[in-house]
Amino acid sequence: MTIQPLLTVEQLTKTYGEIQACDRISFSLYPGQILGIIGESGSGKTTLLNAIAHRLPIDSGQVTYHNSIKPTHLAQLPEPDRRRLMRTEWGFVQQNPRDGLRMNVTAGANIGERLMDIGQRHYGNIRTAASKWLAQVEIPPERIDAFPHTFSGGMQQRLQLARVLVTQPKLVLMDEPTGGLDVSVQARLLDLLRSLVRTLNLSVILVTHDIGVVRLLAHRLMVMQGGQVVEQGLTDQVLDDPQHPYTQQLVSATLLP
Amino acid sequence: MISGSIPSQQIPSQQISDQQISSQPALPRFAAQTLLQAEQVHKGFTLHAQGGLHLSVLAGISLTVNQGDCVALQGASGSGKSTLMRSLYANYRVDSGNIWVKHQDSWRDLTQCQPHELIAIRQHTIGYVSQFLRVIPRVPALEVAAEPLIETGVSKSEAFAKVRSLFTHLNLPERLWSLSPTTFSGGEKQRVNIARAFAVDRPILLLDEPTAALDANNREAVMQLIEEKKAQGCGLVGIFHDADVRSSVCNRTLTF
């Protein structure tokens, strides 16, 4: 098997003063895989996600993105190129859709904006793409001219997904995408995520504290505690045969893991 | 909470890289008809919440599975049958020993494989019928069962056709096919699970009490499926609490 990883993270370290938020984190992500990251609040999950995307300065370590042409070291990428990468081949889904959406423009404009960012100018094409993606994420396309604040929380989250996916990214970083949604809405989003990952061959890094979500979605799992990865493996290995004391505690504290 | 060091097999740097594994030739010590060989498998559990209590469950178990074999794991509850079965699927990570599997004409040691290699091995080589069915609430039974087959690259229509014929064979009422299995009875869920695993042509199949929740009729249907797999040259390992089923389909027994 000579599959190339899509992303390699080596010895990534980030501190906030005295606090080690991410302590020498290393892993590889392969195409079409969902990597779950679980851990309690403050364990460094969100910092890791932001550090991978270089949305905040890191102390040491290396993040390498292997796209079709050549490996890209994110730290050496000039800022405009990094921003462009984030708008095209990478996507970021925020926990709170209000952070990932522009609330003062319509749903269609939210989706179209990313296309315009990469140089598309034909209004008709952009609108067609926007309505196609609304349908993909199960929002009625006739809501294309509605503002996001008129959407429910679950719809806003799906709109955010459409906004990210319209440029057909290869890698999507998600921070608690199902947090704050009620159970039935969450199930719908999970099903949608799963089928989109398969049809678009997406790779996803999914940060969550919900063990049920990683059980259903993630192929692989990393468990973080105090800025360190304390255990990793296939999702079912980590959840069915947890070895680290913290993972055992986490799994045994979950109802129906 | 007691802090403990991470067992060595979790540290990625000690795992063999893809290249090293790929360059290994097919090892000559395995017979041509062998599909799986477990050697001196040791597995215990350390319960950190119980003061680090260590339970040793498997102490040096070895097992060879050949084409056409159906091996019964037999023993009292708690003797380690399921632990071995789960170790053979790499669901449990063993403490020591090797589990060699013939994956697409090369031999892999499951205990040394990287997660992405295990995913590929499970996709194409080892199937597992678990006693539990975990699904996303909204997805219909037909799609749940067809999913692994579609993931191997088979077209949707072909995968659905195969699952429909398996559902029919297993007497799963057609009105259930388009419903999510979350509300199914135990026996119905179990048949969805069986269809899900039997739809894919994998050379090794692990069965964890596949007939436990089934009536006599459906038990018979599952036994037929097992016989078909044996005839195709698959190797099966199973836990069967039903003595009639076991004596009928199994040609060997590993007693714990």
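Note that this is a predicted model, so its numbers are computed, not measured. (Residues numbered from 1 in each chain as written. Chains lettered and ligands numbered in written order. Predicted model: local features only at pLDDT ≥ 70, side-chain atom pairs only at ≥ 80, totals over all residues. Heavy atoms only, no water.)

It is worth spelling out the sheet that holds strand 4 (residues 96–103) of chain B at this point. Residue and element names in this part refer to chain B. Pairing within the open sheet is antiparallel, and its four strands lie in the order 2-1-4-5. One side of each edge strand has no neighbouring strand; the edge strands of this open sheet are strand 2 (53–66) and strand 5 (106–109). Recorded for the sheet is a direction-independent mean angle of 25° between the axes of neighbouring strands. Where strand 4 meets strand 5, four bridges bridge the pair, whose relative direction is antiparallel. When the bridges of strand 5 are listed, Val101 appears paired with Arg108. Together, strand 4 and strand 5 form the strand contacts of helix 3 (residues 115–124), whose direction differs from that of strand 4 by roughly 55°. (Pairing = 2+ DSSP bridges. Helix = DSSP H or I, 4+ residues; strand = E, 2+ residues; numbered from the N terminus. Axes fitted to C-alpha atoms, helices over the stretch in contact; angles between N-to-C directions. Contact = heavy atoms within 4.5 Å.)

Here the focus is the pattern of salt bridges. Residue and element names in this part refer to chain A. Taken as a whole, this structure holds 25 salt bridges over all chains when the rule is applied. Here Arg87 makes a salt bridge to Asp117, at a shortest N to O gap of 3.5 Å. Taken together, the positions of Arg87 in helix 2 (residues 79–87) and Asp117 in helix 4 (residues 107–117) put the pair 30 residues apart, joining distant regions of the chain. Look at Asp117 and you get partly exposed, because its relative accessible area is 35%. The salt bridge partner of Arg127 is Asp145, with a shortest N-O separation of 3.0 Å. (Salt bridge = Lys/Arg side-chain N within 4 Å of Asp/Glu carboxyl O. Buried < 20%, exposed > 50% of the residue type's maximum accessible area, 1.4 Å probe, protein only.)

Attention now goes to the packing of helix 4 (residues 141–151) of chain B against helix 6 (residues 186–198) of chain B. Residues and elements named next belong to chain B. In the contact formed by helix 4 and helix 6, the axes pass within 7 Å of each other and the chain directions differ by 30°. For the element pair helix 4 / helix 6, the angle class is roughly parallel. Considering only the axes of helix 4 and helix 6, their crossing is right-handed. Between helix 4 and helix 6, the contacting residues are Ala141, Val144, Ala145, Glu147 and Pro148 on the first element and Val192, Ala195 and Arg196 on the second. (Parallel < 35°, antiparallel > 145°, perpendicular 65-115°, else oblique. Left-handed = near helix turned anticlockwise from the far one by under 90°.)

All names here are of chain A. Contact pair helix 6 (residues 153–165) / helix 7 (residues 183–200): the axes reach a minimum separation of 10 Å and the direction vectors enclose 15°. What the angle tells us is that helix 6 and helix 7 run roughly parallel. For the pair helix 6 and helix 7, the sense of crossing is right-handed. When helix 6 is examined against helix 7, the residues Gly154, Gln157, Arg158, Leu161 and Leu165 are found in contact with a partner set consisting of Val185, Arg188, Leu189, Leu192, Leu193, Leu196 and Leu200.

All right, on to the interface of chain A and chain B then. If you look at the interface, chain A gives 35 residues, while chain B gives 39 residues. Buried surface at the junction of chain A and chain B, both sides included, amounts to about 3100 Å², of which 52% is carbon and sulfur. The interface formed by chain A and chain B includes nine salt bridges. Its salt-bridge partner being Asp191(A), residue Arg138(B) comes within 2.7 Å of it at the nearest N-O pair. On inspection of chain A and its partner chain B, the count reaches 16 residue pairs in polar contact (both at pLDDT 80 or more). (Buried area = accessible area lost by both parts, 1.4 Å probe. Polar contact = N/O pair within 3.5 Å; in protein donor to acceptor, adjacent residues only side chain to side chain.)

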